[in-house]
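Chains, contacts and geometry: an overview
One letter stands for each residue in the lines below.
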Amino acid sequence: MKIAVLTSGGDAPGMNAAIRAVVRASLHYGFEVYGVLDGYKGLLEDRMILLNHDAVSGLLTKGGTFLGTARLPEFKDEAVREVACKNLKERGIEALIVIGGDGSYRGALALGKLGIKCIGIPGTIDNDIVGTDFTIGFNTALTTIVDAIDKLRDTSTSHQRCSIVEVMGRRSGDLALYAGICGGAEFIITPENPINKKKIIERMKEFKETNRRHAIIVVTENQFNVHELAKEITEASGFASRATVLGYIQRGGQPVPEDRILGSRMGSYAVDLLSQNIYGCCVGIRDSRMIHLPFVNVLDQERPKNDLYPLLDKIS
């Protein structure tokens, strides 16, 4: 069997670990494996490289994706997908492993309808994929955010300030939730746990009256303008507030051990499935066990609310 692997959408630490595992597991089964450069864009432009054992040596500790990634909105066009499919078939490649988020999964599902055996691996720092407890990159991004919060607390305490920290997450508040708990945040604002300005301002007034030195608020991106919120809190409570948007720094850096292991397990498991002629699905991890689900059971499904949210009322 000839297999291709690509990374698509936003990069995530641990993607290289997954690619490495795909390659080495493929060689274990005697499969030939190709790396597609720059995601679906490279697939459309027929830019692929043959990968061997040495080609992925040393990748385990590197962040980002050595294959590169790019967004390709045109892939929604059936004619574009047919060209990509033709490129794979002309090389004799019958299976494709796609590492990315839900947009990447949609591309894989579409290629599956054209006769390509596709497997999806969840690679996104947002942890917003249905059917898996964790996605590749989440734990590394979380570590970066917690480190930033710890540093911000030092300067907030020195100046008696409230620090509002905006983190990534898109539709999911998991990064803010986990980082807020780890960082001892007073408030965690996410799509699942929306803002309560009145409660925040009252708490900041209390802090001001009792001479509390600092406060931390962690917010998922795109909820509101955090700089305007900081100004409003300052004016309404008298407790000085500043906003920090962490941005793309959250995506970078060496993957933490959890993501190196998760990427390795998921990459190897995806090849195991293909060796059993199982495809049209995405892999995940539940209760520390590897699982796989059909793409249709994952896409357009709502993730259940994280069971850590009840903890906030007790410890914040």
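Residues numbered from 1 in each chain as written. Predicted model: local features only at pLDDT ≥ 70, side-chain atom pairs only at ≥ 80, totals over all residues. Heavy atoms only, no water.

Points about the sheet that holds strand β7 (residues 187-189)
The parallel open sheet is built from four strands, whose spatial order is β7-β8-β6-β9. Looking at strand neighbours, the two that pair on one side only are β7 and β9 (241-245), the edges of this open sheet. Each neighbouring strand pair of the sheet contributes to a mean axis angle of 20°, computed without reference to strand direction. Alignment of strand β6 (residues 161-167) against strand β8 (residues 214-220), held across seven bridges, turns out to be parallel. Residue pairing for β8: Arg161 is matched across the bridge by His214. (Pairing = 2+ DSSP bridges. Helix = DSSP H or I, 4+ residues; strand = E, 2+ residues; numbered from the N terminus. Axes fitted to C-alpha atoms, helices over the stretch in contact; angles between N-to-C directions.)

Digging into the packing of helix α5 (residues 138-159) against helix α6 (residues 174-182)
Across the interface, α5 lies against α6 with an axial gap of 9 Å and an inter-helix angle of 45°. Here α6 runs oblique to α5, going by the angle between their axes. The interaxial crossing formed by α5 with α6 has right-handed handedness. Between α5 and α6, the residues in contact are Phe138, Ala141, Leu142, Ile145, Val146 and Ile149 and Asp174, Leu175, Tyr178, Ala179 and Cys182, respectively. Residues of the contact of α5 with α6, tallied by class, amount to ten nonpolar, no polar and one charged. (Parallel < 35°, antiparallel > 145°, perpendicular 65-115°, else oblique. Left-handed = near helix turned anticlockwise from the far one by under 90°. Contact = heavy atoms within 4.5 Å. Nonpolar A, V, L, I, M, F, W, Y, C, P; charged D, E, K, R; others polar.)

Some remarks on a negative patch on the surface
A contiguous patch of negative charge, built from Glu74, Asp77, Glu78 and Glu82, is present on the exposed surface. Mapped onto the secondary structure, Glu78 falls in helix α3 (residues 78-90). On the basis of relative accessibility, which here comes to 46%, the residue Glu78 falls in the partly exposed class. (Patch = residues over 30% accessible without salt bridge, like charges linked within 9 Å, V, L, I, M, F, W, Y side chains within 5 Å. Areas by Shrake-Rupley, 256 points an atom, 1.4 Å probe, with all protein chains shown as cover. Salt bridge = Lys/Arg side-chain N within 4 Å of Asp/Glu carboxyl O. Lys, Arg positive; Asp, Glu negative; His and termini not counted. Charge placed at Lys NZ, Arg CZ, Asp CG, Glu CD. Buried < 20%, exposed > 50% of the residue type's maximum accessible area, 1.4 Å probe, protein only.)

What to know about the UniProt feature "domain: Phosphofructokinase" (unreviewed entry) in the protein chain
In the numbering adopted here, UniProt assigns the feature "domain: Phosphofructokinase" (unreviewed entry) to residues 2-274. Helix makes up 44% of residues 2-274 and strand 18%, and the two end C-alpha atoms of the span are 11 Å apart. (UniProt positions renumbered as here; feature names shortened; annotations may be inferred.)

Examining the environment of Val83
Structurally, Val83 can be placed in helix α3. For the pair formed by Val83 and Gly137, sequence separation is 54 residues and the distance between their alpha carbons is 31 Å.

Side note on the pattern of salt bridges
With the rule as written, the count across this model stands at 19 salt bridges. Between Lys2 and Glu32 there is a salt bridge; the shortest N-O distance is 3.7 Å. One end of the pair, Lys2, is in strand β1 (residues 2-7); the other, Glu32, is in strand β2 (residues 32-36), and 30 residues separate them in sequence. For Lys2, a relative accessible area of 27% gives the class partly exposed. Its salt-bridge partner being Glu94, residue Lys117 comes within 3.3 Å of it at the nearest N-O pair. Of the two residues, Lys117 sits in strand β5 (residues 117-122) while Glu94 sits in the loop between α3 and β4 (95-100), which places them 23 residues apart along the sequence. Residue class for Lys117 comes out buried when judged on its relative accessible area of 17%. Assessed through its relative accessible area of 33%, Glu94 is described here as partly exposed.

A closer look at the domain arrangement of the protein chain
Splitting the protein chain by domain gives domain 1 (2-137 + 255-297) and domain 2 (138-252). Domain 1 puts 18 residues into the contact, and the matching count from domain 2 is 16 residues. In terms of surface lost to domain 2, no three residues of domain 1 exceed Ile125, Asp126 and Asp128, which account for 36% of the buried area on that side. Where domain 1 meets domain 2, there are five salt bridges. One salt bridge connects Arg170 with Asp126, and the closest N-O pair in it is separated by 3.6 Å. When grouped by side-chain class, the residues that make up the side of domain 1 that touches domain 2 number six nonpolar, five polar and seven charged. (Domains from an automatic or database assignment. Buried area = accessible area lost by both parts, 1.4 Å probe.)

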